[in-house]
Amino acid sequence: MMSDCCDYNIFALHTKKKRHLYEKLDQGGDDDDDDEVPATPKSLTWHRSWRVVGLPVLVTLVVVVLLLGMIGRWIQQVWRENVYLAAHSVHHEQIPTFLSIRRPHDGTFVYALDNPLYEQLQQATLSHRDTKLQKSSSSTITVRVSSTQLHPGQDLTLQWSSVCPKKGISLWKTDWLTGQPDENIWVLYCGKGNYSQEELWQYANAYEVATVSQVQASSSCEETVALDDDDNCWHISNFPTSHRQETCQFVLYNTEWEMLVASPRINTLEAVTSPTNLHLALTHDPTQMTIQFASGKGTPIVAYADVSDASKWIDGHVPGTTTTYEAADMCMAPANETGPGKFQSPGLLHTVLLTNLQPNTQYVYKAGAQHGQGVTWSETATFTTAPWQNDTSIYPFTYLVYADQGCPLNGWFQGAAWTAAVVAKEIPSIRMVHHFGDLSYAQGAAHQWDAWMTMIEPIAKHVPYHIGIGNHEYDYTANGDGKDPTGNDMGYHPVWGNFHDDSGGECGVPASKRFQMPASDGGVFWYAHNFANLHTIVLSSEHDLSPGSVQYEWLAHDLTKVDRQVTPWVVVEIHRPLYEGEALWDQNDVGIALRMEVEHMLRDYQVDLVLAGHYHAYHRTCDGLYRNQCYKGGPMHITIGTAGAHLDEADLFDNTWSEIYIKQTYGYGRITIYNATDLDFEFIRGAAADDDPDAGKVLDSVRIHRERS
C-alpha cells in the first residue's frame, strides 16, 4: 500500500513539473532558460485533446440530439394538431342555433357554440322601460304571431311592421332608430307560465338571439303569409317545444339593448306535460322491455296490451323511475355553461321496465306523465319482445347498424334526416337498431340532443335502439372528478391517440342519463347482450383497452363466458375501427394501437365481425383479418360511419386487406342472420335528397359463412 502511494506522489510531482514547463513554453518562455522542455507524452496529448476538443464535442452532440428530439416531438405534435384541425375542418359539424339562424352575407348557418350575439346579450344592460324611441319618432312598430296557443310540431310565424302614420311610408329600412334597423335584435325568451315580464326577460331564459338581417336571411314567408310593403316576417317550421317551457315571447331591441317592442306571449301547450323522445332497450331477459321517455313534469307510467287483444290493456299502470342532469353535472365548457346555444334542461328523464311479457310477442303501449289527477299520454306504439334463445322460428331475423349521424336541424347536413327516414321504413321487418357512437353531435349545445331524439323517435319507439359511445359523446380534457360516469378525471389520452375535447365538455353525462342499456358494470360505455343466437359486445374506444385495464378485463371475462352452442355468432361494436383504410395517418395510429391491445383476443375467441364508425365512409375488409393478413382466423371489419354526418373525401392507402370502399354516400348496414352458420351483411344507400329514387338500394353485400364444430 505504501509503495503504491509513493509511486503516485512521484508521478504527480513529475506531471506537475512537466505542466510548469509547458505553461512557460505557452507563455513564450525565457530565451536564457536552460531548462529542457521534454516532448509531450502521447497519453497527455490525448488527455488534453479530449479535454479541449472531445468533451465539448460530446456535450454538443448530446445537446444537439436532445434538441433534435424536442424539435421532432414538437413537429410531430404540430403535425398531429394540424391533422386534427384539418380533419375537423373536413368533419366540421355545423351545429345550428336553436332556430337555425343564417348569416346574411353568405347564407351559412350561425354556429351555436360561437355566436357573438349570445355573449353580447350576456354582457348587455337591458332596458325594458316604455318604448320611448317609438314615441319620439312618431312611428309605431306592430308585431303579431300566427298563434298564441302552440302545439308541439306546429309552425309559427312572427310578423312586424313599422310605419310613419303621418306620411304612410315605410321607415323600417332607414336609420330612424338607434343604429341601423337591420341590426336591431330579436331575442326569444321561454320560461314558466307564471313568470312576470321581468322574470321572463332574463339571459338565463334566452333561447335565441338574432339580428333582423339574420332573420331575413333565415326565413322566407312568401309562401306562408301575405306581406305588405312595410311588413317583415319570420316563419319557423316545427317550432321546437322540447325545451319544456310553458310560455315563449319575442322581444325586439335596438343596438343599445333598449326594448322596442314585444310580441304577444305564446303558450306552448303540452310542451311540459307531453311524453316525448320515446325509445326502447332490451334487457338480459326476453320477458322484459325497457321504455324510456322525457317530460317537463309528472311521474312516469306506461300502459300496454298484447296486440292480439289490444282492447285488454294490462290492469294498472306500470310506474317507473326518473332522473335528470344539470349544467353543473358536466365537465367542461360549453356543456357546463348556461345560456342560449349551451345548456338547457332535458326535463325529466323517465325509465319504465315492463316485466312478465311473453317472448317474441308484439305489444301495443303508451307512455304517460301523471300530474295530479290527470295523465298526458303519448300516442300508442308497438314493440316486439326478444325471443327465447332456442326459438328457431325467429330465423331469419334482421337488424340495422350504423354510426355518426347528427341532428336534423336545418343547419345540419340533411343526410341525418334523410337516412333516418329510410331506416324508419324498415321498421316492420327489423328487430333492433345498433348505433355505435357519435349520436347527436351536440358537443355542449343541448338543444341538439332534443332535436336528435325527436328525429330517431319514429324508429326507437318501435324497436330497441342500442347505442355505443363515440368521441363526440365522451372525449374531454379536465374536471371529470366526480362527474365522469366512468370515474375518470380527465378523459382518456394515450400517447398514441388524437383524443381531444370532442364532446364539448359533456364527458358522457347526457348519453348515460338519456339511455339505459342491458345491465353491465360499464353502463352505456361497454356492455354485452344476447338476441337469439347472436352475442353482441359493445366496447368504448374512448376508454382504456390495454391489458390490465378495467375494460380489457371485462372483455376477456365476457368472451370466456360465451357459449357458442347457444350464441354461435359473436359481433363486436366499437366507435373507432381497428382497421382504417383511409389515408389519414394519425387515425391509423389509433387503429394500430387498438389492434395491439385486443386483436389477439378477437382471433383467439373467434369473433366473427367487428363493426365501427368514426370515419364517414363505408369500408369493408377481407374476412379472417389478423395482423394485416387475410384469412388468418380473425374477424371481418366493417366501418359504417355514414348515417348523416359530413361525408369523407379521403382515398385509401395501399393495403392488402381493403375489399370495398364507398365514399360520399349516406347509408347504413343491414344484417340478416339465417342460422348458426350463415349471415348476410348489406350496405344500404340512405338518401341524397328528400325524394331520392335510389334510397334503399343495396350497394354492397357479403355472405359470412362459418363452419361450426
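See the structure printed just above.
Here is a short report on the structure shown in this document. Remember, predicted model here, so these are calculated numbers, not experimental data.

1. Description of the packing of aromatic side chains
Now for step 1: The full count for this structure, using the stated rule, is 23 aromatic pairs.
Now for step 2: Seen from their ring centres, Y492 and W496 are 6.4 Å apart, and the 75° between their planes marks the pair as edge-to-face. Taken as a pair, Y492 and W496 share a single burial class, namely buried.
Now for step 3: Ring geometry for Y618 versus F681: centroids 6.3 Å apart, planes at 10°, classification stacked. Of the two residues, Y618 sits in strand 27 (residues 618–621) while F681 sits in strand 33 (residues 678–685), which places them 63 residues apart along the sequence.
Now for step 4: Given the relative accessible area of 0%, Y618 is considered buried.
Now for step 5: Through successive ring pairs, a cluster of aromatic residues spans W160, W186, W234 and F250.

2. Describing a nonpolar patch on the surface
Now for step 1: Together, V59, V63, V64, L67, L68 and I71 make up a nonpolar patch on the protein surface, roughly 490 Å² of accessible area in all.
Now for step 2: Mapped onto the secondary structure, V59 falls in helix 2 (residues 42–90).
Now for step 3: The exposure class of V59 is partly exposed, given its relative accessible area of 45%.

3. Section: the sheet that holds strand 25 (residues 569–573)
Now for step 1: The mixed open sheet is built from seven strands, whose spatial order is 23-24-25-26-30-27-31. Both edges of this open sheet fall to strand 23 (527–531) and strand 31 (658–662), since each of them pairs with a single strand only. Averaged over all pairs of adjacent strands, the angle between strand axes in this sheet comes to 15°, irrespective of strand direction.
Now for step 2: Judged from the five bridges that link them, strand 23 and strand 24 (residues 534–538) form a sheet pairing that is antiparallel.

4. Some thoughts on the state of the cysteines
Now for step 1: According to the stated counting rule, one finds three disulfides in the structure shown.
Now for step 2: Here C190 connects covalently by a disulfide to C248, the sulfurs 2.0 Å from one another. Its S-S torsion of about 110° marks the bond between C190 and C248 as right-handed, since a negative value means left-handed. Here C190 is found in strand 5 (residues 185–191), whereas its partner C248 is found in strand 8 (residues 247–253), with 58 residues between them in sequence.
Now for step 3: The buried category is assigned to C248, whose relative accessible area is 0%.
Now for step 4: Here C331 is linked by a disulfide to C507, with a sulfur-sulfur distance of 2.2 Å. On the S-S bond that ties C331 to C507, the torsion sits near 85°, and the link is right-handed. Of the two residues, C331 is situated in the loop between strand 15 (321–323) and strand 16 (348–354) and C507 in the loop between helix 9 (471–474) and helix 10 (509–514); the sequence distance between them amounts to 176 residues.

5. Here's the deal with empty space enclosed by the protein
Now for step 1: What the rule picks out here adds up to two cavities of 30 Å³ or more.
Now for step 2: Approximately 60 Å³ is the volume found for the largest cavity.
Now for step 3: Lining the largest cavity are N277, H279, Q292, F293, A294, L349, H350, M453, K513 and R514.
Now for step 4: Elements supplying a minimum of two residues to the lining of the largest cavity: strand 11 (276–281), strand 12 (289–295), strand 16 and helix 10.
Now for step 5: Element by element, the count of residues in the lining of the largest cavity is highest for strand 12, at three residues.
Now for step 6: For the lining of the largest cavity, the per-class residue count stands at four nonpolar, four polar and two charged.
Now for step 7: Reported here for the second largest cavity is a volume of approximately 40 Å³.
Now for step 8: Around the second largest cavity sit Y325, M330, F343, Q344, G444, A446, W449, E506 and P510, which together line it.
Now for step 9: Its residues placed into classes, the lining of the second largest cavity shows six nonpolar, two polar and one charged.

Each value, and the rule that gives it
Residues numbered from 1 in each chain as written. Predicted model: local features only at pLDDT ≥ 70, side-chain atom pairs only at ≥ 80, totals over all residues. Heavy atoms only, no water. Phe/Tyr/Trp six-rings, centres within 6.5 Å; stacked < 30°, edge-to-face > 60°. Buried < 20%, exposed > 50% of the residue type's maximum accessible area, 1.4 Å probe, protein only. Helix = DSSP H or I, 4+ residues; strand = E, 2+ residues; numbered from the N terminus. Patch = residues over 30% accessible without salt bridge, like charges linked within 9 Å, V, L, I, M, F, W, Y side chains within 5 Å. Areas by Shrake-Rupley, 256 points an atom, 1.4 Å probe, with all protein chains shown as cover. Salt bridge = Lys/Arg side-chain N within 4 Å of Asp/Glu carboxyl O. Pairing = 2+ DSSP bridges. Axes fitted to C-alpha atoms, helices over the stretch in contact; angles between N-to-C directions. Disulfide = S-S within 2.5 Å. 1 Å grid on protein atoms, 1.4 Å probe; cavity = no way out; pocket = protein on both sides within 12 Å on 5 of 7 lines; lining within 4 Å. Points joined across faces, edges and corners; volume = space filled by probe spheres on them. Nonpolar A, V, L, I, M, F, W, Y, C, P; charged D, E, K, R; others polar.

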